[in-house]
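Below, each chain spelled out in residue letters.
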Amino acid sequence: MTWTNPLTLLRHGWTRHWNPDRPVRTVVSNLPFEDLKKREQPNRRYEGNAIRTNKYRLWSFIPMNLFEQFHRMANIYFVGLAILNFVPVVNAFQPEVALIPICIILALTAVKDGWEDFRRYQTDQQLNNTPCFIFSRKQMCFVERRWKDVRVGDFVRVLSNEIIPADILLLHTSDPNGVCHMETANLDGETSLKQRKVVPGFSSLGEPFQPQTFDSTVVCENPNNNLNLFKGYVERPDKRRTGFGIDSLLLRGCMVRNTDDAAGIVVYAGHETKSMLNNSGPRYKRSKIERKMNTDVLFCVVLLFFMCLIGALGHAIWLETFSSMPSYIVPDSNGNYTPSVLAGFYMFFTMIILLQVMIPVSLYVSIELVKMGQIFFITQDVELYDEELDRRVQCRALNITEDLGQIQYVFSDKTGTLTENKMVFRRCSVMGTEYCHEENVVVPDRKLILEVDRQMASIQTGPYLDFFLALAICNTVLVSSVTAQRQRVRVNVADLAGAERVGDVLRALTHSTKTRGGETLADPFSIDEDESDGFHSSDVSDAAGQKVISSERKVKSGLSGSEEVCYEAHSPDEAALIHAAKAYGFTMMERTPHYVTVKLPDEALLKFEVLDILTFDSTRRRMSIIVRHPHTKEIIMYTKGADSAIMERLGNVFSVKSEAKQTAVKTQRDLDMYARNGLRTLCFAKKVISEQEFRAWSAVRQEALSAIEEKEERLMETANFIESSFTLLGATGIEDRLQESVPETIQALRRAGMQVWVLTGDKPETAINIAYSCKLLEHEDLVFTFISVILQSLCKMRLEDTLGELRRSMLPPGADHQFRGYSSAFTGPLMEPSIGLVIDGPTLSMAMSDELVEQFVELCKHCRAVLCCRVTPLQKSAVVKLIRQKLRVMTLAVGDGANDVNMIQAADVGIGVSGQEGMQAVMASDFAITRFKHLQRLLLVHGHWCYSRLANMVIYFFYKNVAYVNLLFWYQFFCGFSATAMIDYWLMIFFNLFFTSAPPIMFGIMEKEVSDSTLLSLPELYKRGQHSEGYRRSTFWIAILDAFYQSLVCFFIPYWTYNGSDIGIFAFGTPMNTVSLFTIILHLAIEIKSWTAVHWVIMIGSVLVYFIVTLAYSAICISCNPPSDPYWIMHKQMADPMFYLVCILTTVVALLPRTFFTEILLLWSEKERSANGSKLYTG
């Protein structure tokens, strides 16, 4: 039995968890039970529609927030020490004062968390109180209510341009064809319209919707987060069942468009809706530096332990030196003295309290502030701003900015990431004859037009007409009017992920939408698995300065007079194909769920009855539409898909010598030529189905549609059954051009030490052509090709032979077999020899099997570039995980489509490209860019800066705390290890919280170790982050040793100066405190490479704040720390010339080694940089 959190039960109510293992959800109308109490209603166990995304209540904020903060061991550590200070035998300071530092840290964090949660609460309230229309049986009409009043089983009406309040099964629309258009921009970032249709049998043309007559039962699957899948059926009183799918579900958070009103029954509400189940909150990843930093904190704990142990042993030994106890050692209430061993044991804990600052309590808060500042400057970089799209880079993960500077492997999608994803129709092959189109706008080929005209004039049918009809109707392109378009979308250019009116509210609800469970939102109508999922449109600015989404191609509709219509294609491929059909006179004029109308070149209209549509899936890799021809009344199936998915189902044309065989052979030859030229290929075919065959198949199909168990498998079987014995019509080749500066970007990344992989679903020929075009592969490279390897044994033999050849070519006589060919600091190949690998999906599956995976990984280590083609989305993520885990390297994945989501989430850093394919990759990513070329500046400049800044800041924090706390440690040798402090405790608190906190934060945000122009011209400088040169274990210990040295200088020079004088303990500690401040501040000044006005203000301001606060504290604190008081001590010290001499001399001596070391390092860096530059220009 699984344990359920009591808070969860209180929040959701026990009744809602009744029978959670129920396989399906049964929903009935609430109208007959409207007058009953809630506990008597049949849908009572389901969630209400009110949502709550904030974590805290007013009464639970303090305990819950403290509980969360105490998940950090550092907070528990400091609270434990503060409580320990209340124990009289071990306390080092006033108990109340010891609580101040941790209370300040906890309070600041609580204020931040509380403010963020309050904003979530306001968002929830705004959403929950949004008005909507719910049908009331008492008033027999739709009445206005609030979203929070909606329940499962209610009938809800949504008007045009209104947001859908819950997941609603569509039962009625004002559209005469029973369709409703829905915009999902708030949910998945896509601005294309999704068509939804009424459940069959529940919409009568011209009749008003009457919810009170609904007496059926809705049976559907339990709530899940799959946005592309929904199955169930409506069961009528006579037990007849009507199946439905995702195309009948209106999703919460989406907006109704181009439809006056739509109505239906609520099936999921509140936190059970698909949008809320996809709302997993902000992304959190632990950076590499953070993981290493936690280890160094443990080293500090060990160091603290030994220092306290020395103090405890020293105190016990010191007590043993007395023959009789001195008068200043106070006995207990019984007059007994604590034994020296026990006193030493107590002193161990007292020393922990005294030296607790060794563990940097403010480091974690400072890191959060630094990363926020780094993100601000990344997003404000004008070089990463896309003027055409009016978008800037987005940082969606707030805590891994430094990982951008340590990437070793880059995995990239091809379509839409390296290429423009703006498709141009270039070539087509019809019945074995190839036709070329050279212009960017489709200009019809004369010979092809003559063939079309000949068939139009003679027989009114034929393969050429069928080919263009397939182009025109075998798709999911929607047709809408321009006026409806302009009414439909007005998107704020500054944030396309939002929506009008309450878009900002809904962004909080849906900002982390992801694809889960291995399901991917692959494009349904593409050349291959690597296809787009956005819609193809152009942007037209209106007078208000907003973006109005309109179609790229507009045609005059013969059905609606002079009103223009526009196409909305689900992918740029579909847009290119339908525009090509239009160029030859085959124009789709109207599409409804039941009919599609095409205007022919002779202006005649063909209105096809749509009998069924078999949508695309990544297994079949094809799409089919079954229609009835208006003239011949034949049932015809038009199909398009990948060449392998069509050619293998042509029947027995290859077994006998016939005209069909010649056509297939010629078409295949043209397809291969298209692929070699880098074009995206697609095949078209048709099949005539008899009435009897269709009726039998349709009955089986309807049963599969009504099923809930194994529905997908049964639908797949029916599709595979009917999609056979095709007649080949032809093929198309579509050009997808490379984006600007892609070759230069890939070369820069490679020079920076990164291995670049391209993972694509395209054909090998197409992928290889693009790989050479983008300089992923060079013509002088030695490229190993693993294509169409059928047997695993053959794959194993190929791998062994290739590895053997590589070892022989890379190992000269006498070389070490283990290390030859590899860099000692980075797991990867040297530049010579230059080796590439091309492998396809089936072979990749064999190579990644348990038996061959080690050999495959070893081969990949030798390759400077790898091209994986014909891979599925799951294979993309599997490859990323394999390389990341086996080689223990930092990985980055970049993609632009929903089929890249798994890959993006599997990498250490995920980059989404917000281009033509919607926003799902962006919403699953850590960072979002608009062009692949921006990756160069994001990594080489900002990645380098963020890594070096944070690494240096963390090291500085450890140094600063150790250097300061050691002053107290050295003093223990002169006070009998009694845990006495020569610095006032309030000043010790102020020292870390105020005097020295701002400079390292400023350093972590604004430091520029090297200028951006230098970093871009010398990408080799990026290797510093790959090799972790900024934050090595040696760097940490060097900083600790430097801190020990500086603390010795800062203690003993003032000690020798004032030794033998009669100054008090705080007068003795004040010069040490001041010298320590100067040393720590100037140490940071030595590290700063680029000074700005902000640096000067903060550095000088910190010193001024120290003197102002210390002088004020010394003036007003008459009895703050009895029996010793700091009253007027600072004023007396500043009146003594010796104080200034001590400060100057001590600071200079303390910083001499650091200055000398920095100068040597600077000279070496300049020499290395000039050497790299000379290599660049001579090579």
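Along every chain, residues carry numbers that run from 1 in the direction the sequence is written. Local features are withheld for residues below a pLDDT of 70 in this predicted model, meaning they are given only at 70 or higher, and side-chain atom pairs are given and counted only at 80 or more; totals for whole chains, interfaces and linings count all residues. Derived side-chain values reflect all non-hydrogen atoms in the structure, with water molecules and hydrogen atoms excluded from consideration.

Per an unreviewed UniProt entry, the recorded name for the chain is Phospholipid-transporting ATPase, and the organism is Cyprinus carpio carpio. Quoted verbatim from the Cofactor (unreviewed entry) heading of the UniProt record, the comment on the chain is "Mg(2+)". UniProt positions are given in the numbering used here, feature names are shortened, and annotations may be inferred rather than shown by experiment. Quoted straight from UniProt, the Sequence similarities (unreviewed entry) entry for the chain says "Belongs to the cation transport ATPase (P-type) (TC 3.A.3) family. Type IV subfamily."

Chemist: How should the overall build of the chain be read in this particular structure?
Modeler: What the chain contains, in helices and strands, is 37 helices and 36 strands. Evaluated residue by residue, the chain yields a buried proportion of 57% over its 1179 residues. Residues are treated as being in contact if the distance between any of their heavy atoms lies within 4.5 Å. Contacts in the chain between residues far apart in sequence, at least 24 positions, make up 75% of those at least 6 positions apart. Every accessible area reported is derived by Shrake-Rupley at a probe size of 1.4 Å, with residue values counting cover from the shown protein chains alone. Accessible surface for the chain amounts to roughly 49400 Å². Of this, 58% is attributable to carbon and sulfur atoms. In this description a helix means any DSSP run of H or I spanning at least four residues, a strand means any run of E spanning at least two, and both kinds are numbered starting from the N terminus. Accessibility here uses a 1.4 Å probe with only protein chains present; expressed as a share of the type maximum, an area under 20% marks a residue as buried, one over 50% as exposed, and anything in between as partly exposed.

Chemist: For this particular structure, what's the right way to read the state of the cysteines?
Modeler: As used in these notes, a disulfide is a covalent bond between sulfur atoms, one from each of two cysteines. When the sulfur atoms of two cysteines come within 2.5 Å, that pair is taken as a disulfide. As enumerated under the stated definition, the model contains zero disulfides in all. Cysteine Cys436 is unpaired, with the sulfur of Cys428 as its nearest cysteine sulfur at 9.3 Å. Cys436 sits in the partly exposed class, given a relative accessible area of 25%.

Chemist: Explanation requested: the pattern of salt bridges in the structure shown.
Modeler: Pairing between side chains of opposite charge can happen when their charged atoms approach one another. By definition, a salt bridge exists where a carboxyl oxygen of Asp or Glu is found within 4 Å of a side-chain nitrogen of Lys or Arg. Under the defined criterion, the tally for this structure stands at 49 salt bridges. A salt bridge links Arg864 to Asp781; its shortest N-O distance comes to 3.2 Å. Here Asp781 lies in the loop between α21 (764-773) and β31 (782-786) and Arg864 lies in the loop between α24 (853-862) and β33 (865-869), a separation of 83 residues in the sequence. Connected through salt bridges with shared partners, the residues Lys414, Asp573, Arg680 and Asp762 form a single ionic network.

Chemist: Looking at this structure, I do not really get empty space enclosed by the protein. What am I missing?
Modeler: The probe, sized like a water molecule, is rolled over the atoms to show the empty space still left. Points on a 1 Å grid, built from protein atoms alone, make a cavity when a 1.4 Å probe fits but cannot get out and make a pocket when they are open with protein on both sides within 12 Å along at least 5 of 7 lines; residues with an atom within 4 Å of a point are the lining residues. Grid points are joined across faces, edges and corners, and a volume is the space filled by probe spheres set on the points. Tallied over the entire structure, the rule returns five cavities of 30 Å³ or more. A volume near 200 Å³ is recorded for the largest cavity. Pro101, Val357, Val361, Met988 and Asn992 are the residues nearest the centre of the largest cavity, which is lined by 17 residues in total. Contributions of two or more residues to the lining of the largest cavity are made by α9 (340-354), α28 (934-972) and α29 (985-995). Take the lining of the largest cavity: its biggest share by element is five residues, from α29. Here the residues of the lining of the largest cavity sort into twelve nonpolar, four polar and one charged. Amino acid classes used here: Ala, Val, Leu, Ile, Met, Phe, Trp, Tyr, Cys and Pro are nonpolar; Asp, Glu, Lys and Arg are charged; the rest, including Gly, are polar.

Chemist: Would you take a moment to explain the packing of aromatic side chains for this structure?
Modeler: Aromatic ring pairs are reported here in terms of the distance separating the ring centres and the angle at which the planes meet. By convention, a stacked pair of Phe, Tyr or Trp rings (six-membered ring in the case of Trp) has centres within 6.5 Å and planes under 30 degrees apart, an edge-to-face pair has planes over 60 apart, and any other such pair is tilted. Summed over the entire model, instances satisfying the criterion amount to 54 aromatic pairs. Aromatic pair Phe299 and Phe1036: ring centres 6.3 Å apart, planes at 35°, arrangement tilted. Here Phe299 is found in helix α8 (residues 288-320), whereas its partner Phe1036 is found in helix α33 (residues 1033-1058), with 737 residues between them in sequence. Of the residues examined, Phe299 reaches a relative accessible area of 30% and is grouped as partly exposed. Taking relative accessible area as the criterion, Phe1036 reaches 1% and is therefore assigned buried. Ring geometry for Phe974 and Tyr1055: centres 4.5 Å apart, planes at 40°, overall tilted. One end of the pair, Phe974, is in the loop between α28 and α29; the other, Tyr1055, is in helix α33, and 81 residues separate them in sequence. Site record: aromatic cluster; members linked through ring pairs are Tyr971, Phe974, Phe1051, Phe1052, Tyr1055, Trp1056 and Phe1068.

Chemist: For this particular structure, what's the right way to read a nonpolar patch on the surface?
Modeler: For patch building, the residue pool is restricted to those with more than 30% relative accessible area and no salt bridge; the joining distance is 9 Å between like charges and 5 Å between nonpolar side chains (Val, Leu, Ile, Met, Phe, Trp, Tyr). Together, Val302, Phe305, Phe306, Leu309, Leu313 and Ile317 make up a nonpolar patch on the protein surface, roughly 560 Å² of accessible area in all. Secondary-structure assignment places Leu313 in helix α8.

Chemist: What's the story with the nonpolar core in this structure? I'm lost.
Modeler: The tendency in soluble globular proteins is for nonpolar side chains to be buried as a group. By size, the foremost hydrophobic cluster in this structure holds 102 residues, and its most contacted members are Leu355, Met358, Val954, Phe958, Met982, Tyr1031 and Phe1051. A per-element tally of this core places α28 first, with 19 residues. Setting aside its immediate chain neighbours within four residues, Phe958 contacts Met293, Asp296, Val297, Cys300, Pro360, Leu363, Tyr1031, Phe1036 and Ile1040. Working definition of a nonpolar core: buried Ala, Val, Leu, Ile, Met, Phe, Trp, Tyr and Cys residues. They are joined through side-chain atoms within 4.5 Å.

Chemist: Got a minute to help me understand unusual backbone geometry in this structure?
Modeler: Excluding glycine, a negative phi dihedral is what most residues carry, and trans is how most peptide bonds are arranged. Although it is not a glycine, Ser788 sits at a positive phi angle of roughly 55°. With respect to the element layout, Ser788 can be found in the loop between β31 and α22 (792-810). You can call Ser788 exposed: its relative accessible area is 55%. At Arg870, a residue that is not glycine, the phi angle is positive and equals roughly 55°. Topologically, Arg870 is positioned in the loop between β33 and α25 (873-887). Residue class for Arg870 comes out buried when judged on its relative accessible area of 16%.

Chemist: In this structure, what is going on with the side chain of Gln406? I would like to understand it.
Modeler: Looking at the secondary structure, you find Gln406 in the loop between β14 (394-395) and β15 (409-412). Setting aside residues up to four positions removed in sequence, Gln406 forms contacts with Lys288, Ile289, Met890, Tyr947, Tyr1022, Gly1025, Gln1026 and Ser1028.

Chemist: What exactly am I supposed to notice about the environment of Ile134 here?
Modeler: Positionally, Ile134 belongs in strand β2 (residues 131-136). In the structure, Ile134 is positioned twelve residues away from Arg146 in sequence and 8.8 Å away in space, judged by C-alpha atoms. Beyond its immediate stretch of four places on either side in the chain, Ile134 contacts Cys141, Phe142, Val143, Arg145, Arg146, Asp149, Val150, Asp154, Phe155 and Val156.

Chemist: How should I be thinking about the sheet that holds strand β7 (residues 193-197) in this particular structure?
Modeler: Hydrogen bonds between backbone groups are what pair the strands of a sheet, and the pairing can be parallel or antiparallel. In space, the three strands of this open sheet follow the order β7-β6-β12, with antiparallel pairing throughout. Bordering the open sheet on either side are β7 and β12 (255-257), each of which pairs with just one other strand. Adjacent strand axes in the sheet meet at a mean angle of 40° when their direction is disregarded. DSSP-based pairing: two strands are paired if at least 2 bridges between them are found. Looking at chain direction, strand β6 (residues 179-183) and β12 are connected through three bridges and run antiparallel. By the bridge assignment for β12, His181 is matched with Arg257. Inter-axis angles, ranging from 0 to 180 degrees, are taken between N-to-C directions of lines fitted to C-alpha atoms, where helices are fitted over the stretch in contact.

Chemist: Honestly, the pairing of strand β5 (residues 167-173) in this entry has me stumped. Any pointers?
Modeler: Successive side chains on a regular strand alternate, one facing one side of the sheet and the next facing the other. Most of β5 is tucked away, with seven of its seven residues classed as buried. In this sheet, strand β13 (residues 261-268) lies alongside β5 in antiparallel orientation, the contact comprising six bridges. Residue pairing in the sheet places Ile168 in a bridge with Val266 of β13. In this sheet, strand β11 (residues 249-250) lies alongside β5 in antiparallel orientation, the contact comprising two bridges. Note on β11: the bridge partner recorded for Leu169 is Leu249.

Chemist: Is there a simple way to explain the packing of helix α18 (residues 691-706) against helix α19 (residues 711-722) in this structure?
Modeler: For any two helices packed against each other, one specifies the inter-axial angle together with the distance between the axes. At a minimum axis distance of 8 Å, the contact between α18 and α19 shows a crossing angle of 165°. By the angle between their directions, the pair α18 and α19 is classed as roughly antiparallel. Seen from above, α18 lies across α19 with left-handed handedness. Contacts between α18 and α19 involve Glu693, Trp697, Val700, Arg701, Glu703, Ala704 and Leu705 from the first element and Lys711, Arg714, Leu715, Thr718, Ala719, Phe721 and Ile722 from the second. Any angle that is under 35 degrees is reported as roughly parallel, and any over 145 degrees as roughly antiparallel; angles of 65 to 115 degrees are reported as roughly perpendicular and all others as oblique. Crossing handedness is defined as follows: a turn of the near helix away from the far one that is anticlockwise and smaller than a right angle gives a left-handed crossing, while the clockwise case is right-handed.

Chemist: Would you explain the confidence of the model for the chain in this entry?
Modeler: Low-pLDDT stretches of the model should not have their predicted coordinates read in fine detail. Confidence along the chain averages 82 in pLDDT terms, with 84% of residues attaining 70 or more. pLDDT is a per-residue confidence score from the predictor, ranging from 0 to 100. By mean pLDDT, strand β20 (residues 547-550) is the weakest element of the chain at 30, and strand β4 (residues 155-159) is the strongest at 95. The low-confidence segment residues 483-563 (pLDDT under 50) makes 251 contacts with residues lying over four places distant or belonging to another chain. Below pLDDT 50 for its whole length, residues 1175-1179 participates in three contacts with residues either more than four positions away or in separate chains.

Chemist: I would appreciate a short explanation of the pairing of strand β26 (residues 622-628) in the present structure.
Modeler: Across the seven residues of β26, six count as buried, placing the element largely inside the fold. As defined by bridge partners, strand β25 (residues 605-614) adjoins β26 across five bridges and the pair is classed as antiparallel. In the sheet register, Leu614 faces β26, and the bridge partner there is Ser624. Relative to strand β27 (residues 635-641), β26 runs antiparallel, the two being bridged by seven bridges. Each residue of the ladder has a partner; that of Ile626, found in β27, is Met637. What sits between the antiparallel neighbours β26 and β27 is a turn of six residues, in which Lys633 has the positive phi angle 65°.

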